[in-house]
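Topology and contacts: notes
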Amino acid sequence: MSPGWLAIPRTAAMALTLAVTGSAQAADVILTPAQMREDLTFLVEKWAPLDKSFSDSQRAEFGRHVDETASAAENLAPEEFALEVMKAVAIARNGHTNANVGTLLGADLPVRVWTFSDGLYIVKTHPDFKRLLGARVVGIGSLTTQEALDRVRAYLPGTDQRIRFLSPGYLVAPAVLERIGAVDGTDRIPLTLQFDDGRTEIVELAPMKGEDPGDERKASLNRGYSVLIPDDPDLPGRWRHLLDGRKELPPIYGKRSDVQARFLDDHMKVLYIRNDTARSIDETPLPDKLAGVVLDKIVPMQPKHIIIDLRLNNGGDFFNTILFSRAIPRLVPRDGRVFVLVGRATFSAGITTAAMLKGEGGDKVTLIGEPMGDGGQFWSEGKYVKLPNSRIAVRYSPQFHDYETGCFDIDDCYWATVAFGPRGISIAPEITVELSFRAYAEGRDPVQEKVLDLAGRH
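Basis of the calculations
Position labels on residues start from 1 in each chain and follow its written sequence. Where local features are concerned, this predicted model is filtered to residues with pLDDT of at least 70; where side-chain atom pairs are given and counted, the filter is 80 or more; whole-chain, interface and lining totals use all residues. Only hydrogens and water are removed before side-chain values are computed, so all heavy atoms of the structure are retained for them. Runs of E in the DSSP output that reach at least two residues are strands. Runs of H or I that reach at least four are helices, and both are numbered from the N terminus. It is over C-alpha atoms that the radius of gyration is taken, and the globule rule equals 2.2 Å times the number of residues to the power 0.38. Type-normalised accessible area, obtained with a 1.4 Å probe on protein chains alone, sets the label of each residue: buried when under 20%, exposed when over 50%, and partly exposed for intermediate values. Two residues qualify as a contact provided that any one of their heavy atoms is within 4.5 Å of a heavy atom in the partner residue. With residues, only the protein chains shown are counted as cover, and all accessible areas are computed by Shrake-Rupley using a 1.4 Å probe. When charges are counted, Lys and Arg are positive and Asp and Glu negative, with His and the chain ends excluded. We put the charge of a Lys on NZ, of an Arg on CZ, of an Asp on CG and of a Glu on CD. Stacked, edge-to-face and tilted labels apply to pairs of Phe, Tyr and Trp rings (six-membered ring for Trp) whose centres lie within 6.5 Å, assigned for plane angles under 30 degrees, over 60, and everything in between, in that order. Remark: a charge is flagged as sitting over a ring if the NZ atom of Lys or the CZ atom of Arg is within 6 Å of the ring centre and within 35 degrees of the ring normal. When DSSP finds two or more bridges between a pair of strands, those strands are recorded as paired. Between N-to-C directions, angles span 0 to 180 degrees; the directions come from axes that are lines fitted to C-alpha atoms, helices contributing only their stretch in contact. A patch consists of residues exposed above 30% relative accessible area that lack any salt bridge, with like charges linked at up to 9 Å and nonpolar side chains (Val, Leu, Ile, Met, Phe, Trp, Tyr) linked at up to 5 Å. Here a salt bridge means any side-chain nitrogen of Lys or Arg lying within 4 Å of a carboxyl oxygen belonging to Asp or Glu. The span you would expect from a helix comes to 1.5 Å times its residue count less one. The arc refers to the directions leading from the helix axis to the C-beta atoms. Disulfides are defined as pairs of cysteine sulfur atoms found within 2.5 Å of each other.

Concerning the overall build of the chain
Each helix and strand in the chain was counted, giving 14 helices and 19 strands. At 23 Å, the chain has a C-alpha radius of gyration in line with the 23 Å of a compact globule built from 458 residues. For the chain, the spread of C-alpha atoms along the principal axes amounts to about 65 × 55 × 35 Å. In the chain, buried positions account for 56% of the 458 residues. Put simply, of all contacts in the chain between residues at least 6 apart along the chain, 69% involve residues at least 24 apart. For the chain, the computed accessible surface area is about 19,800 Å², with 49% contributed by carbon and sulfur atoms. In the chain, the 54 positive side-chain charges and the 62 negative ones have mean positions that sit 3 Å from each other.

So this is what it looks like as structure tokens:
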């Protein structure tokens, strides 16, 4: 039991221990100090020259951190080494420049959390812990939730908004919590929770043996935003969800796929298109699916307004959405609008798709929601390289995208951005709408509500 844990006031809290057999340590992974140093040498000599996203000062800081990690290798466990590699790579503050450490961080806690506009809340749990659904997390070990968020950001790549998207997935990893100083060990993690009836409890959770069967990382979809979506009721061993039992949820809370389309009104004047990834999830090419939406719903029905929901689109290949992005603004009538829904999970080719829609449609296209997971200038188009011993996959970013001032020269920018990318636009939402926990718990989608209100005025 850590000193920080002992320091938590107990006058307003009950202490409760909930344990699941498991271990937070990376299973069956052995890395010697010599192997760690060999991986770090590879990182510096083979990987770093491929990445162009580091500034000169960041590259110097990267070198210092790698040297410090190599000096400390004798005292690092595999999961600690993995986190230090993540931290080194994250110095670039570029979302595409990242380290995928796989299972090296060990098991997670049996809960999933999300950061809403009003705090961090538990939205999904292992069946044994369903009573924790809807609880607000106000403390993690010896740290407040905000302190934990501030400390974990050093290990995560990208902008503040990208880190806001990624961080909930790491705040349920005991190895991470130990490294940031929230706890002294990983066997039991104390969470200070506030429930909607006003009660405060300190709950101890152990790492979970086995995986959440609904974890979408298995389907090459980023887990991130998907924790907000209930799993299929028939999924064996499914975890419990805050929205279980709610009927007629807005389409954003439906099962993820690649493309979905439906009309939101009886008169078929408002068409909603949800595009969760810029690649197909099956054998049918994504451009064919998008063309099907155009031919089956837009051309014959001629909707006045079109909503393109990219809030779950974490990327893929923007070549799949070029023609679609150029066509949509031209296919709405002169008095119609295109509303593009974006958020912290919108990233990479998802951002490019939003940018192309805005660049093509100008004032006819309105971006609504949260700021996206990157800015209008970023580095990408690289590949993952695996470190020889830990097998950590580290991605480099050699090509530049610029939608703010525009890309005009292939010596300075990714050639496809020069050829197809918009120039001189802002990708910031013109209307910002945040999701509060209360709205979410009620099964509402404030972004869609705002769009329907705007559509009703036109």
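Quick notes on the packing of aromatic side chains
Per the counting criterion, the structure on display carries 17 aromatic pairs. Seen from their ring centres, phenylalanine 116 and tyrosine 121 are 6.0 Å apart, and the 75° between their planes marks the pair as edge-to-face. What makes phenylalanine 116 buried here is its relative accessible area of 2%. Among the aromatic residues, those joined into a cluster by ring pairs are Phe116, Tyr121, Tyr253, Phe437 and Tyr440. A cation over an aromatic ring shows up here: arginine 162 above the ring of phenylalanine 347, its NZ or CZ 3.7 Å from the ring centre. When the ring centre of phenylalanine 195 is taken as origin, the NZ or CZ atom of arginine 199, which lies over that ring, is 4.4 Å away.

Things to note about the sheet that holds strand S17 (residues 393–395)
Judged by pairing direction, the sheet is antiparallel, and its three strands sit side by side in the order S2-S17-S16 without closing on themselves. Each end of this open sheet is capped by a strand with a single partner; those strands are strand S2 (99–100) and strand S16 (384–386). Where S2 lies against S17, two bridges are found, and the strand directions are antiparallel. Looking at S17, one finds that asparagine 100 is bridged to alanine 393.

Things to note about the sheet that holds strand S10 (residues 259–263)
One open sheet holds the six strands; their spatial order is S10-S11-S12-S13-S14-S19, and the pairing between them is mixed. Two strands in the sheet have a free side with no partner beyond their single neighbour: S10 and strand S19 (431–432). Sheet topology places strand S11 (residues 270–275) next to strand S12 (residues 305–309); five bridges connect them, and they run parallel. Paired with arginine 274 across the strands is aspartate 309, a residue of S12. This element, helix H11 (residues 349–361), spans S12, strand S13 (337–342) and strand S14 (365–369) of the sheet and lies at about 145° to S14. Sitting on the sheet, helix H14 (residues 446–457) is in contact with S11, S12, S13, S14 and S19, with an inclination near 170° to S13.

Brief notes about the environment of aspartate 108
Tracing the backbone through its elements, the reader meets aspartate 108 in the loop between S2 and strand S3 (111–116). Residue classification places aspartate 108 among the buried residues on the basis of a relative accessible area of 15%. Sequence separation between aspartate 108 and aspartate 212 is 104 residues; the distance between their C-alpha atoms is 9.6 Å.

Here we look at a nonpolar patch on the surface
Taken together, the side chains of Phe319, Ile410 and Trp415 present a nonpolar region at the surface, about 320 Å² in accessible area. Along the chain, phenylalanine 319 falls in the loop between S12 and helix H10 (322–331).

Some words on helix H3 (residues 56–71)
Relative to the 22 Å expected for 16 residues at 1.5 Å per residue, H3 spans 23 Å between its end C-alpha atoms, a close match to the ideal helical length. Within the span of H3, buried status applies to Gln58, Phe62, His65, Val66, Thr69 and Ala70. Angularly, the buried residues of H3 cover 135° about the axis, an arc narrow enough to put them on a single face. Pointing more than 90 degrees away from the buried face of H3 are the exposed residues Asp56, Ser57, Asp67, Glu68 and Ser71. Where H3 is buried, its residues touch helix H2 (33–47) and helix H4 (78–90).

With respect to helix H5 (residues 145–152)
Listing the buried residues of H5 in full gives Thr145, Ala148, Leu149 and Val152. Along the axis of H5, the buried residues cluster in a sector spanning 100°; they form a single face.

Examining the pattern of salt bridges
Two side chains of opposite charge can pair, provided their charged atoms sit close to one another. Per the stated rule, a full pass over the model turns up 24 salt bridges. In this structure, the salt-bridge partner of glutamate 74 is arginine 37, at a minimum N-O distance of 3.4 Å. Of this pair, glutamate 74 sits in the loop between H3 and H4 while arginine 37 sits in helix H2, and the two are 37 residues apart along the sequence. Classification of glutamate 74 as exposed rests on a relative accessible area of 54%. Residue aspartate 309 is joined to arginine 311 by a salt bridge in which the shortest nitrogen-to-oxygen separation is 2.8 Å. Each of the two residues, aspartate 309 as well as arginine 311, counts as buried. One salt-bridge network, held together by shared partners, links Arg131, Asp197, Arg199 and Glu201.

Description of the state of the cysteines
For the structure on display, the rule yields one disulfide. Here cysteine 407 pairs with cysteine 413 through a disulfide, and the sulfurs are 2.2 Å apart. Handedness of the cysteine 407-cysteine 413 disulfide follows from its S-S torsion of about -70°: it is left-handed. Relative accessible area serves as the criterion here: at 1%, cysteine 407 is assigned to the buried category. A relative accessible area of 5% means that cysteine 413 is categorised as buried.

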